[in-house]
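# Report on the structure
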Amino acid sequence: MVLRKQSAVTLLLSILYSGIGAADTLPSDELPIIELEDYIVTGSRFSAETSAIQLPVDFISADSLSLWREETAISALRAESYNIGSANTENDSNGGDGSASANLRGLGTLSTLTLINGRRAGGNSAFLYNPGGFSDLNLIPVAAIREVEILTEGTSVAYGSDAVAGTVNIMLHDDYVGTRIEAGYSDTTDGDASEKTFSFLTGQELNEKTHLVLLGSWYQRNAIYARDRDISEDTDRRAQGGQNQGSPFFPGRISVSGVEYVLPSNIDAPTNLGQYELFDPLNDLYNFSEFAPAVPEVERKSLMANITHQLTDNLELWGEGLFTTSTFYNALAPAPWTAAPNGFENPGVFSSIVNTPSPHIPAGINPADIERIAYRSFELGNLAPEQEKTALRGLIGLRGTFSDWNWETALLYSEVETEWQWSGVTDARILSDLIETGEFNPFAQAFATGTIPSGPLAGQTYDNAAALEQAEADPVDLFKEQFWSYDISASRSFLELPAGELETAFGFEYRDESIEADIDEIFVNSNNLGGPVRESYGGDRKVYAGFLESLIPIYRKGSQSLDLNASIRYEEYRDSSDDSSVTGNQYNAFVYKLGTNFKASEALKFRLSYGTAFRAPTLTESYGGSVIANPIYNDPLGFTADSARINTLISSNSDLDPEESTTVNAGFVFAPDPAKGWRLEIEYYKIKTQDGIVNGAQFLVDQNAAGQPNGVTPGTLAPTAPNAGQIIRNPVTGQLLVVFSEFFNVAEIETDGIDYTLSYFQPTSEGNWEASIRISQVLSYDVTAAPGAATQSYLGDFIDPAAPGGNIVGRGSIPRYKGYARFVWNHRNLTLGATYNYIHSLDDNTAFTTTGQQRKIDSWQSLDLVARYTWPESALDWLDGVTLTLSAENVTDEAPPFAAGAFADGYDRSLYSLEGRRMGITLAKDF
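Residues numbered from 1 in each chain as written. Predicted model: local features only at pLDDT ≥ 70, side-chain atom pairs only at ≥ 80, totals over all residues. Heavy atoms only, no water.

### Regarding the overall build of the protein
Along the backbone of the protein there are 10 helices and 48 strands. In summary, the protein has a C-alpha radius of gyration of 29 Å against a globular reference of 30 Å for 927 residues, a match within 12%. The dimensions of the protein, computed from C-alpha atoms along their principal axes, are 100 × 70 × 55 Å. Counting over 927 residues, the protein shows a buried share of 59%. When contacts within the protein are restricted to residue pairs at least 6 apart in sequence, those whose partners lie at least 24 apart make up 72%. On the protein, roughly 35400 Å² of surface is accessible, and the fraction owed to carbon and sulfur atoms is 55%. On the protein, the mean spot of the 60 positive side-chain charges and the mean spot of the 123 negative ones are 7 Å from each other. (Helix = DSSP H or I, 4+ residues; strand = E, 2+ residues; numbered from the N terminus. Rg over C-alpha atoms; globule rule 2.2 N^0.38 Å. Buried < 20%, exposed > 50% of the residue type's maximum accessible area, 1.4 Å probe, protein only. Contact = heavy atoms within 4.5 Å. Areas by Shrake-Rupley, 256 points an atom, 1.4 Å probe, with all protein chains shown as cover. Lys, Arg positive; Asp, Glu negative; His and termini not counted. Charge placed at Lys NZ, Arg CZ, Asp CG, Glu CD.)

### Observations concerning the environment of Leu736
Along the chain, the position of Leu736 falls in strand 38 (residues 736–745). What makes Leu736 buried here is its relative accessible area of 1%. Residues within four places of Leu736 in sequence aside, it is in contact with Tyr633, Asp635, Thr640, Ile646, Val701, Ile727, Ile728 and Arg729.

### Re the pattern of salt bridges
If you walk through the whole model with that rule in mind, you get 49 salt bridges. The partner of Asp755 in a salt bridge is Arg105, with the nearest N and O atoms 2.7 Å apart. With Asp755 in strand 39 (residues 748–764) and Arg105 in the loop between helix 3 (73–78) and strand 2 (112–116), the pair connects residues that are 650 residues apart, well separated along the chain. Given a relative accessible area of 8%, Asp755 falls into the buried group. What you see here is one network of salt bridges that share partners, running through Arg119, Glu316, Arg399, Glu408 and Asp487. (Salt bridge = Lys/Arg side-chain N within 4 Å of Asp/Glu carboxyl O.)

### A closer look at the pairing of strand 43 (residues 830–839)
Along strand 43, seven of the 10 residues are buried, which leaves the element largely enclosed by surrounding structure. Bridge analysis of strand 42 (residues 817–827) against strand 43 gives 10 bridges, and the strand direction is antiparallel. For Asn826, the partnering residue across the bridge sits in strand 43 and is Thr831. Where strand 42 folds back onto strand 43 in an antiparallel hairpin, the turn is made up of two residues, including Arg828, whose phi is positive at roughly 55 degrees. (Pairing = 2+ DSSP bridges.)

### What to know about the confidence of the model for the protein
Close inspection of predicted coordinates is inappropriate in any region flagged by low pLDDT. Summary statistics for the protein give a mean pLDDT of 88 and a share of 92% for residues scoring 70 or more. Across residues 1–40 the pLDDT falls below 50, and counting only partners more than four positions away or on other chains, this stretch makes 104 contacts in the model. Contacts for the low-pLDDT stretch residues 804–808, under 50 throughout, to residues beyond four places or in other chains number 27 contacts. (pLDDT = per-residue confidence, 0-100.)

### Re the packing of helix 6 (residues 428–436) against helix 7 (residues 464–471)
The geometry of helix 6 relative to helix 7 is characterised by a closest axis approach of 8 Å and an angle of 145 degrees between their N-to-C directions. Handedness of the helix 6/helix 7 crossing: right-handed. Where helix 6 approaches helix 7, its residues Ile430, Leu431 and Leu434 are matched on the opposing element by Ala467, Leu468, Gln470 and Ala471. In terms of residue class, the contact of helix 6 with helix 7 is built from six nonpolar, one polar and no charged. (Axes fitted to C-alpha atoms, helices over the stretch in contact; angles between N-to-C directions. Left-handed = near helix turned anticlockwise from the far one by under 90°. Nonpolar A, V, L, I, M, F, W, Y, C, P; charged D, E, K, R; others polar.)

### A look at the sheet that holds strand 23 (residues 472–473)
As summarised here, the arrangement of the three strands in space is 23-20-26, forming an open sheet in which the pairing is antiparallel. The two strands at the open ends of the sheet, each matched to only one other strand, are strand 23 and strand 26 (528–529). With two bridges connecting them, strand 20 (residues 425–427) and strand 26 associate as antiparallel partners. Paired with Asp427 across the strands is Asn528, a residue of strand 26.

### Concerning the nonpolar core
Formed by 47 residues in total, the largest nonpolar core has its most connected members in Ile140 and Leu172. Within the residue set of this core, elements represented by two or more residues are helix 3, strand 4 (145–151), strand 5 (166–172), strand 8 (210–221), strand 35 (677–690) and strand 40 (767–784). For this core, the element with the highest residue contribution is helix 3, accounting for four residues. Ala339, Ile361, Ala428 and Ala467 belong to the second-largest nonpolar core, a separate cluster that totals 28 residues. (Core = buried A, V, L, I, M, F, W, Y, C linked by side-chain atoms within 4.5 Å.)

### Thoughts on helix 6
Listed as buried for helix 6 are Ala428, Leu431, Ser432, Leu434 and Ile435. All buried residues of helix 6 fall inside an arc of 165 degrees around its axis, so they share one side. Looking at the packing, one finds that the buried side of helix 6 touches strand 16 (336–339), helix 5 (347–354), strand 20, helix 7 and strand 26. Of the residues trailing helix 6, Gly438 is marked for its positive phi of about 85 degrees. (Arc of directions from axis to C-beta.)

### Notes on the sheet that holds strand 2
Across the sheet, which stays open at both edges, the five strands sit in the order 1-4-5-2-3 with mixed pairing between neighbours. One side of each edge strand has no neighbouring strand; the edge strands of this open sheet are strand 1 (57–61) and strand 3 (119–120). Where strand 1 lies against strand 4, five bridges are found, and the strand directions are antiparallel. Bridge pairing links Phe59 to Glu149 in strand 4.

As structure tokens, this is what we get:
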């Protein structure tokens, strides 16, 4: 422990010595017109002005977002030191849905709660296992954000489910005064990922009692293709220390009597078996990066309205509205597919080839000996799901004072509809008929044309492109999430104690949330060649909750004080499924928190808290049916090639229990002069989660292998080994064929670490100097997969959940250190800034390195620069209030460090960006 702390301090001082510091610029002047105080603050229900509670809350101001040209909220959060681990991201090139969400402490995006103005941004429905509703931060325009508050400790007592690792509170403009028009443009120096933005924000006092804020925003970003970056252009990564992770599925691939064959590129269509070559699993793989985008294209349009009206001196009515439409143009390489006898590999197509049999079977091949045929539909272009998302959020509320009470109540409605429009998908039923009539040749290369040489159909022509075009389907998947909530809360000072007044807050909340997934029948019935195989499903959840919070002053003497904060919360869940054969789950959660705050002096403050937290299983995890995936596994028995993709059926589980966590936070703040000078803040956290919810397909395989008798051979696999009924292997070769998995509760996940923040502010006649350094050090990240199992550390390891088959952690890479240093100088109308970003090295996944050798993923550094100038009022009239911002991100054009274990693009998409150097310009005018 001591050595780890010393290494963190050494790193802190070394970055400081480099001469580059960090701090957000001061927030812009905004003039509130409401006199009633907002008593809800992030992490507590007490007034920010009267509460003595000190919480580890970080802030990202609107001015900081504007200065550093953060075009999405997730880009600002991703730079923060405490945001680590796997997260859904707008950079997801492997079939992502365009959403993005925070992941505090590496415990998963579902363990970080997102709020909008202090209320839940979405429900527990979680499309595709990502947070639901406006927890997709890409639905929230940056121009609408007044401030982002990040509470880096568990807050389930304050907000209920999902706040295990912390809370991100997006505060939208509600008291803005004036009008601002802003337009921006940026592009990479490769010229392939331009970003364009335009926004209009106005806030006006309609009369003495009414204030209205309106916003319109537009954002568009072009795509980056994997082939346009050195690190991702080729899936054959052996020259970089990895393996060839290309695909074995492409035209001209067959398996006959246990032998794998490939058709040479100079032969369009085989006439006999002798024209084939033996398939080389190391060299004969298809580079799917040739066509796949690495950073997909996206377009987003948003409208926001916020109105407040003071009914009386003690009563205020307010409303919030946010509407966003987003189109995400994601795509994969052309769709790969296989035909084989089992139900996962299109047995209908296989039957048309073998049992009819197809007139194209090459001479010398007995149809009964064919085991599998592979193809890839190059003729139809990319397998591309275009996702159109429409999101609406509306709230109406009352708040005020009555006697000594501060109270607030609100009704909230949120709805998100997503439509997936697929292209590049073939209807297997139509293609089966075309195979039988000879119009499609499944043994030929893509785009092959020719004439059937012999047999009953001799002389008939075939054209694979025309046949696939005839069989092409246009499936559409529809998703809908609805969320209702009503809450009421109040606080007041009840009792005068010797050390001060006892503060108490309590409240009640009701939530009703639902999800409906209407999957196109071609996917439900497995009649598709390309695209996922999954089921339609639906579920509903009703939640009843109540909480009580007290702040007890213990000691007061001069500038010294000691306060105790105690709070409890109870939530009751009642679920139902659209499937009448599935019984809805019912459970409850009781959580509590105890905290102390000690102020030793005006310059030195300490805090300590212990509490419990929980995460309810999502409706998708509980009732989402089954999905067929094809992940890569690490086969402990060594019978399966490293590059093989194994059919896996992942099922929901209606009997899941909530994840339960205990959280410990301890920290101090030392600030000799709050107005200027140095400020040091150190925060320790420890989170221990039991019954963690995962899809552990890899874990099932590992358990099965460990339970096999010594000296096992493919033909003697023990049927009594753990999970034997869920692991199907080839009885001759032992190769993994099918894995059946479902979501389940594992035993324990435990992590702890320290956040260090050192800042400095000095106003001078030559300008204001701001500098700070923030580093997060993870001390441990341990997983105990099952009761009695050995504890395994994942700290400092590269983990890509998309590469191994549903890794038991599934939470991505946890670097030992992550941080940044920032320096800002402001003088009159000119601001200059620099940020140095740092991510520590990782140990690569040896299952995907060359010959299983150990290798380090390099540490990564980058430098961002910014300059901003605002024209003074004495300038030309048309320049009054104009602000010009110039930015350069990743000035030295540092590429992400190569990771052999990364499936899609050769790097960790959650930690780094593939963009490279980006130059930007923004013009804004304030009226």
